[in-house]
Amino acid sequence: MLLIRSFLFNVVMFGLMLVMGIILAPLAAWSAAGAFWSVQTYCRITLRLLSVMCGLKTEIRGPVPSGDVLICSKHQSFLDIIILSATLPRAKFIMKKELRWAPVLGLYALRMGSTPVHRGKKGKAMQQMVRRAAKNAEEASQLIIYPQGTRVAPGAQRPYKIGAGALYERFGNPCIPVATNAGVFWGRNTVYRRPGLAVIEFLPEIPSGLPIHDFMERIETVIETRSDALMVEAGFMPESAAVPMAGARDG
């Protein structure tokens, strides 16, 4: 039964994305505000359907940032993208370059001012990321970067990349770390949507002005420690407690 409900939810979710994406395209083309409203509306409807159809509820913890901040988030699932997009007033993502061509997703992401980057070219990609993000920084927004560079399955370890530190130093904005357990319920490459409570938690602000090395160590420690705690709360036991990995890598 869970498989059937999950399958039906996926059909409805992607069908709604296509229909709303087409219908609301003129609004998004008219203004960036229209694009933000369209995406937020779609994501909020999707989260409601997820709760009703699959029994997977979501919860936001911590103060929701509304000003000009850098958000460094744990990324486990497409679900955490949906929750952040539904919750933040002006969410802009650092996203992989290939998503520019994704139907509907690419159009709206670019219209909202998200920044596509080539993840495979490391140093050059980081320079392009900072330059393009600066070009899209004319109005207050919440710039979201996934410091590990990709989705990471619950319990898996992946190093934090220095790109988050480059953005932190370049813009001089405070950073809000974000923890989640979304991957416990909505895994990668599976249609299953497990019932339960998926949490996004906005953690205490890290002020601007820290040395990059200190900043990288701090975001890794707080994000991994709190994400592990949220996963334990959801019934998933990580193999080890969060321990900062040996050095951030370029990316």
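Calculation rules
- The numbering scheme is per chain: residues are counted from 1 as the chain's sequence reads.
- At least 70 in pLDDT is required for a residue's local features to be given in this predicted model, at least 80 for side-chain atom pairs to be given and counted, and no such filter applies to totals for whole chains, interfaces and linings, which use all residues.
- Processing note: side-chain calculations cover all non-hydrogen atoms of the structure and skip hydrogens and water entirely.
- Burial classes: relative accessible area under 20% of the type maximum marks a residue as buried, over 50% as exposed, and values in between as partly exposed (1.4 Å probe, protein chains only).
- Helix numbering and strand numbering both begin at the N terminus, where a helix is a DSSP run of H or I of at least 4 residues and a strand a DSSP run of E of at least 2.
- Paired strands, as defined in this entry, are two strands with at least two bridges between them according to DSSP.
- Axes here refer to lines fitted to C-alpha atoms; in helices the fit is confined to the stretch in contact. Angles between the N-to-C directions go from 0 to 180 degrees.
- Contacts between residues were defined by any pair of non-hydrogen atoms, one from each residue, lying within 4.5 Å.

A. Geometry of the pairing of strand E5 (residues 142–145). Both faces of E5 are covered, namely the face carrying Gln142 and Ile144 and the face carrying Leu143 and Ile145. Where strand E2 (residues 69–73) lies against E5, four bridges are found, and the strand directions are parallel. Counterpart to isoleucine 71 in the pairing with E5 is isoleucine 144. Of the strand pairs in this sheet, strand E3 (residues 91–96) and E5 are connected by three bridges, and their pairing is parallel. The partner of alanine 91 across the bridge, within E5, is glutamine 142.

B. Local environment of the sheet that holds strand E4 (residues 115–117). Read from one edge to the other, the open sheet built from seven strands follows the order E1-E7-E6-E2-E5-E3-E4, with strand pairing classed as mixed. Each end of this open sheet is capped by a strand with a single partner; those strands are strand E1 (56–61) and E4. Neighbour to neighbour, the strand axes of the sheet diverge by 20° on average, direction disregarded. Packing of helix H3 (residues 32–54) onto the sheet brings it into contact with E1 and E3, and relative to E1 it is tilted by some 130°. Running at roughly 30° to strand E6 (residues 175–180), helix H9 (residues 212–233) makes contact with E1, E2, E6 and strand E7 (196–202) of the sheet.

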